[in-house]
Amino acid sequence: MRAEDVVYQPEKYWDRLFAPGGHASMITTVDKDGRINAASYATTVRIVHNPVHIAFTTALAGQTASNIRETGQFVVNLPAFERDILEKVRIVGLPFAKGVNELEKAGLTALPSTFVTPPRILECTRHFECEVVWTKDWLNRTMVVGNVLGASVHRDLVDAKGYIVWNKIKPVAFCGAPYVNMFAGSYETMEVGLPYEGPEVVAADKSVRSYFEDM
Ligand SMILES: Cc1cc2nc3c(=O)[nH]c(=O)nc-3n(C[C@H](O)[C@H](O)[C@H](O)COP(=O)(O)O)c2cc1C
């Protein structure tokens, strides 16, 4: 993959780029001294359409949480449903000691970001540069919500209107800790009807149309 093939998308297309709503990811952060950290996440979810916000949960005692507290920035990097990159997602998810750069351990390439200090990951096809809006600690975890400041994608993986090309982007979810090493690819898509008649359909249609009016 070549850095010159990664292009920023206009803000009106960011919501289209983070599809479907939930993903496996690798999240990059830096500490206050600029040292890079990366960790893998099953829990990355797009939680607001406009402006686009992304949430995830992480261990309160982990390096990601600590860096988020120190710098208030992170980058969500989305891998494709391909064996090579998913093996690296597993490496990045290992409990490396504080200060270790997981990108180097996994053989991944740091691509400088434009809007935040943590880098993007070149081998991931989509990147969302975020500033923290709020965090909430509970049990042994923290939930982080970020506002997207910039989003980029490998060219040719989206169409001219910013919609993803599903069989090239190949979105992926992690099946969860009980499944250990299993990922689910979700690039088969199907348009389905709405076999219901009533005012709610008209209302929903109106709301969707208003959302797309200026695009
Ligand atoms: C595929 C995958 C998904 C993961 N998802 C999560 C998650 O959603 N939340 C979490 O706290 N840890 C998750 N982990 C574990 C973290 O990546 C791991 O604990 C990592 O060491 C945390 O790094 P940090 O201390 O640098 O934050 C996942 C690991 C893998 C391999």
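See the structure printed just above.
Being a predicted model, the structure only gives us computed values, none of them experimental.

Residues in contact with the ligand amount to 19 residues; listed here are only the nearest, Asn37, Ser40, Ala42, Thr64 and Arg141. Take asparagine 37: an N or O atom from its side chain is 2.9 Å from an oxygen atom of the ligand. Residue alanine 59 places a main-chain N or O atom 3.5 Å away from an oxygen atom belonging to the ligand. Of all the secondary-structure elements, those providing two or more residues to the shell around the ligand are strand 3 (36–48), strand 4 (53–59) and helix 2 (63–71). For the shell around the ligand, the leading source of residues is strand 3, giving 6 residues. In terms of residue class, the shell around the ligand is built from 9 nonpolar, 9 polar and 1 charged.

Each full turn of the α-helix corresponds to 3.6 residues, which orients residues three or four apart in the same direction. Regarding helix 2, the residues found buried are Gln63, Thr64, Ala65, Ser66, Asn67 and Ile68. Where helix 2 is buried, its residues touch strand 2 (22–30), strand 3, strand 4, strand 5 (73–78), strand 8 (126–138) and strand 9 (141–154). Immediately beyond the C-terminal end of helix 2, within one or two residues, lies glycine 72, with a positive phi of roughly 70 degrees.

Before going further, it helps to spend a moment on the pattern of salt bridges. Pairing between side chains of opposite charge can happen when their charged atoms approach one another. Taken as a whole and assessed by the stated rule, the structure comprises 7 salt bridges. Measuring nitrogen to oxygen at the nearest pair gives 3.1 Å for the salt bridge that ties aspartate 5 to arginine 2. Glutamate 129 is paired through a salt bridge with arginine 120; the nearest N and O atoms lie 3.7 Å apart. Arginine 120 shares its class with glutamate 129; the two are buried.

Our focus in this paragraph is the environment of glycine 99. Along the chain, glycine 99 falls in the loop between helix 3 (83–92) and helix 4 (102–106). When its relative accessible area of 37% is taken as the criterion, glycine 99 is described as partly exposed. C-alpha separation for the pair glycine 99 and glutamine 63, spaced 36 residues apart in sequence, amounts to 8.5 Å.

Bringing the side chain of threonine 142 into the picture now. Inspection of the secondary structure assignment puts threonine 142 in strand 9. Sequence-distant contacts of threonine 142, defined by excluding residues within four places in its chain, comprise Phe56, Thr57, Thr58, Leu60, Ala65, Thr135, Lys136 and Asp137.

Residue proline 20 is bonded to the preceding alanine 19 through a cis peptide linkage, with omega at -5 degrees. As for its placement among the helices and strands, proline 20 is situated in the loop between helix 1 (14–17) and strand 2. In this structure, proline 51 follows asparagine 50 across a cis peptide bond, with omega equal to 0 degrees. Relative to the elements of secondary structure, proline 51 occurs in the loop between strand 3 and strand 4.

Rules behind the numbers
- Residues numbered from 1 in each chain as written.
- Predicted model: local features only at pLDDT ≥ 70, side-chain atom pairs only at ≥ 80, totals over all residues.
- Heavy atoms only, no water.
- Near = heavy atom within 4 Å.
- Polar contact = N/O pair within 3.5 Å; in protein donor to acceptor, adjacent residues only side chain to side chain.
- Helix = DSSP H or I, 4+ residues; strand = E, 2+ residues; numbered from the N terminus.
- Nonpolar A, V, L, I, M, F, W, Y, C, P; charged D, E, K, R; others polar.
- Buried < 20%, exposed > 50% of the residue type's maximum accessible area, 1.4 Å probe, protein only.
- Contact = heavy atoms within 4.5 Å.
- Salt bridge = Lys/Arg side-chain N within 4 Å of Asp/Glu carboxyl O.

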